[in-house]
Amino acid sequence: MTSILVTGGAGFIGSCFIRYMLKKYCDYKIINLDALTYAGNIENLDDVKNNPNYLFVKGDICDKNLVKEIISKVDCVVNFAAESHVDNSIKNSKLFIKTNIDGTFNLLELAKEFKIERYLQVSTDEVYGSLDSGYFYETTPLAPNNPYSASKASADLLVRAYYKTYKLPALITRCSNNYGPYQYPEKLIPFFISKLLKDEKIPIYGDGLNVRDWIYVYDHCEALDMVLHKGKIGEVYNIGAHNEKTNLEIAHLILTSMGKDEKSIEFVEDRLGHDRRYAVSGDKIMKELNWKPSFSFDEGIKNTIDWYLSNQEWIEKVENKRQVLYNENSCNGC
Ligand code: NAD
Ligand code: TDX
């Protein structure tokens, strides 16, 4: 394996993965195909843009001709590209169906045609739905509860079918909630930091007791590298770090770090179909691939909050970009 197509590499996790891979494997070539939606920011990879082993291509994973041209030049594919925000999917799910399902289908078809060595689908623990106690295992039935997770589960099923039917050498990972630098400030942690920087209140959905299982983005990328190289073809691997926190716990932690108190909290209407708790078992990847997370939650969250506080220009820039794209795409008078 020497050349990899990474899709969605200008986003939060994809950019961390590309940086990680270029640093670790100095003989690998990486092509980053990204449509640069509001969530994609090419400057996230400024530090590697002159690396001779890195090439950026602006484009859509649904574009058959473009993907064909790129796939014919690589050995493997790692698919991060997705619409990734649950609240957006609840407002309008159309783009989620297009990118997350049609886009994956396009990649799978071409990966089959060009006999790709390995295809890795970066999925999420949200496909398992919600659970009150215990953990999601790789054998837990899929039960997605919102349009985002339904689109990711659909993509997972297509990947499985391409492995079973065509022997496409595919793997799937399902990771828990990521946090870290460069996450678009719509997701809980950067959104709350961005609000507090503007002296605004932070909106907690419902009672704030929903639980998420947090993993530092670097650890996720390390696990993806492990699965890509050593994972057994056709298998699913959960990735998690056993850091379960309620949203209120996360809110208090951020408030304290930023010298604020609970007067900055505002309880708002609950998210529709709001999953109560996610918690993945990482037993399989830990036992079979000998992977475990390196970052404690305390260390990871400190790095993360420090990064956003030192990179407020980045927050402003990406928030402005969404506004510009929104204005360009909105239809006057129709
Ligand atoms: P993100 O929204 O930050 O990045 C998505 C990237 O995909 C952006 O750069 C965007 O421009 C690009 N993109 C979107 N549509 C595209 C298209 N049609 N063609 C090409 N590029 C396109 O998302 P993220 O948080 O980095 O998540 C990456 C992947 O990991 C997603 O597949 C997501 O489902 C999965 N995942 C995320 C988390 C999490 O906590 N964020 C957890 C588990 C799994
Ligand atoms: O303003 C908010 N207030 C609030 O209470 C926001 C943005 C979120 N929340 C709650 C909803 C969730 O219980 O915080 C929790 C986390 O919300 P998100 O950051 O939107 O993440 P989540 O819905 O858990 O999904 C995330 O993890 C799985 C990612 O966005 C997905 O891409 C990933 O697959």
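For the structure, check the block above.
A brief report on the enclosed structure follows. Quantities reported herein were computed from a predicted structural model and do not represent experimental measurements.

1. Let's talk about the site of ligand 2
At step 1: Around ligand 2, 21 residues are found, and the nearest of them are E126, Y148, R212, R271 and H274.
At step 2: Interatomic distance of 2.6 Å between a side-chain N/O atom of E126 and an oxygen atom of ligand 2.
At step 3: Contact with the protein chains removes 94% of the 650 Å² of surface that ligand 2 exposes when unbound.
At step 4: Residues belonging to the shell around ligand 2 are distributed by class as follows: nine nonpolar, seven polar and five charged.

2. Concerning the nonpolar core
At step 1: One finds I4, F17, M21, V78, F80, I239 and I285 to be the most contacted residues of the largest nonpolar core, which totals 37 residues.
At step 2: For this core, the elements supplying multiple residues, two or more each, are β1 (3-7), α1 (12-24), β4 (76-79), β5 (118-124), β6 (170-175), α7 (217-230), β10 (236-239) and α9 (283-289).
At step 3: Examining the composition of this core, we find that eight residues originate from one element, α1, more than from any other.
At step 4: Filtering out sequence-adjacent residues up to four positions away, F17 remains in contact with V6, V78, F80, C221, L224, D225 and L228.

3. Some details on the packing of helix α6 (residues 188-197) against helix α10 (residues 297-310)
At step 1: Packing of α6 against α10 brings their axes to within 11 Å, and their N-to-C directions diverge by 45 degrees. Compared by their axis directions, α6 and α10 come out oblique. The hand of the α6/α10 crossing is right-handed. On the side of α6, the interface is formed by I189, P190, I193 and L197, while α10 contributes I301, T304, I305, Y308 and L309.
At step 2: Class assignment for the residues of the contact of α6 with α10 results in eight nonpolar, one polar and no charged.

4. Some words on the site of ligand 1
At step 1: Neighbouring ligand 1 are 28 residues; I13, D34, S84, Y148 and K152 lie closest to it.
At step 2: Separating an oxygen atom of ligand 1 from a backbone N or O atom of V122 is a distance of 3.5 Å.
At step 3: The side chain of Y148 places a nitrogen or oxygen atom 2.6 Å from an oxygen atom of ligand 1.
At step 4: When isolated, ligand 1 has an accessible area of 830 Å², and the protein chains bury 96% of it.
At step 5: Counting only elements with at least two residues in the shell around ligand 1, the list comes to α1, β5, α5 (147-166) and β7 (177-179).
At step 6: When residues in the shell around ligand 1 are grouped by element, the largest group, three residues, is from β5.
At step 7: Looking at the shell around ligand 1 residue by residue, the class counts come to 13 nonpolar, 12 polar and three charged.

5. Considering unusual backbone geometry
At step 1: In this structure, K115 is a non-glycine residue whose phi angle is positive, near 50 degrees.
At step 2: Structurally, K115 can be placed in the loop between α4 (94-113) and β5.
At step 3: Judged by its relative accessible area of 72%, K115 falls in the exposed class.

Thresholds, definitions, all that
Residues numbered from 1 in each chain as written. Chains lettered and ligands numbered in written order. Predicted model: local features only at pLDDT ≥ 70, side-chain atom pairs only at ≥ 80, totals over all residues. Heavy atoms only, no water. Near = heavy atom within 4 Å. Polar contact = N/O pair within 3.5 Å; in protein donor to acceptor, adjacent residues only side chain to side chain. Areas by Shrake-Rupley, 256 points an atom, 1.4 Å probe, with all protein chains shown as cover. Nonpolar A, V, L, I, M, F, W, Y, C, P; charged D, E, K, R; others polar. Core = buried A, V, L, I, M, F, W, Y, C linked by side-chain atoms within 4.5 Å. Buried < 20%, exposed > 50% of the residue type's maximum accessible area, 1.4 Å probe, protein only. Helix = DSSP H or I, 4+ residues; strand = E, 2+ residues; numbered from the N terminus. Contact = heavy atoms within 4.5 Å. Axes fitted to C-alpha atoms, helices over the stretch in contact; angles between N-to-C directions. Parallel < 35°, antiparallel > 145°, perpendicular 65-115°, else oblique. Left-handed = near helix turned anticlockwise from the far one by under 90°.

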